[in-house]
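Here is what each chain is made of, one letter per residue.
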Amino acid sequence: MGINKVILIGNVGKDPEVRHLDSGIAVTTFPLATSETYKNKEGQKVTNTEWHNVVLWRGLAEIAEKYVKKGNPLYIEGKIRTRSWDDKDGNKRYTTEIVTDIMQMLGSKQSNEDSAATASESTTAVDIENIPAGEDDLPF
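Residues numbered from 1 in each chain as written. Predicted model: local features only at pLDDT ≥ 70, side-chain atom pairs only at ≥ 80, totals over all residues. Heavy atoms only, no water.

A. The arrangement of the overall build of the protein in detail. Counting its regular elements, the protein contains two helices and six strands. Burial status across the protein gives 39% buried among its 140 residues. Counting only contacts in the protein whose residues sit at least 6 apart along the sequence, the fraction spanning at least 24 positions is 59%. Element-wise, carbon and sulfur atoms account for 46% of the exposed surface of the protein, whose accessible area totals about 8900 Å². (Helix = DSSP H or I, 4+ residues; strand = E, 2+ residues; numbered from the N terminus. Buried < 20%, exposed > 50% of the residue type's maximum accessible area, 1.4 Å probe, protein only. Contact = heavy atoms within 4.5 Å. Areas by Shrake-Rupley, 256 points an atom, 1.4 Å probe, with all protein chains shown as cover.)

B. Main features of the nonpolar core. Residues Phe30, Leu32, Leu56, Leu74, Ile76 and Met103 are the most contacted members of the largest nonpolar core, which totals 19 residues. Every element with two or more residues in this core is listed here: strand E1 (6-12), strand E3 (26-39), strand E4 (45-57), helix H1 (58-67), strand E5 (73-86) and strand E6 (92-105). Broken down by element, the residue count for this core peaks at five residues, all from H1. With six residues, the next largest nonpolar core counts Leu21, Val27, Trp57 and Val99 among its residues. (Core = buried A, V, L, I, M, F, W, Y, C linked by side-chain atoms within 4.5 Å.)

As C-alpha cells, this is what we get:
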C-alpha cells in the first residue's frame with residue numbers, strides 16, 4: 001500500500017496544448033513552474049525553479065483549454081506518473097508527469113477577468129481511474 005499525492009502551486013509556463021483521442025476524450029498538457037527562493041552563504045538571493053509536466057483529462061482538460069493561459073498561477077493536486085515508450089530509433093524514452101485531478105485558478109479576480117472563470121468552474125475533479133493506460137491511447 002502507498003500514497004501517490006502531489007500538491008503544487010506554481011505558474012503556467014505556456015498556453016495549454018489540447019488533443020482529442022479517437023474516442024473524443026480531451027487531454028490537455030502544459031508545464032507548471034514552482035520556485036523557491038533563499039539566501040546563500042554570501043547573503044545573495046537564489047531562486048531555484050522546477051518544471052513539472054501537467055496532464056489533465058476529460059472535463060478538467062476542457063476547462064483548462066478555455067481558461068488557463070501562460071503565466072496564470074494555479075493550484076494543482078494529482079499524482080506522479082512515469083511512463084516510457086520507444087522512440088523512432090528504438091531508444092527507450094521516459095517522462096514524468098503530474099496527472100491532475102483537482103485544479104484551482106489563483107490570483108486576483110481582476111487578473112482572471114479575461115478567463116471569466118468562477119470558483120465553481122475552476123475547481124473540478126476528474127475520475128482518474130478511467131484514464132486509458134495503453135500507449136495507443138496517449139496523444140503525445
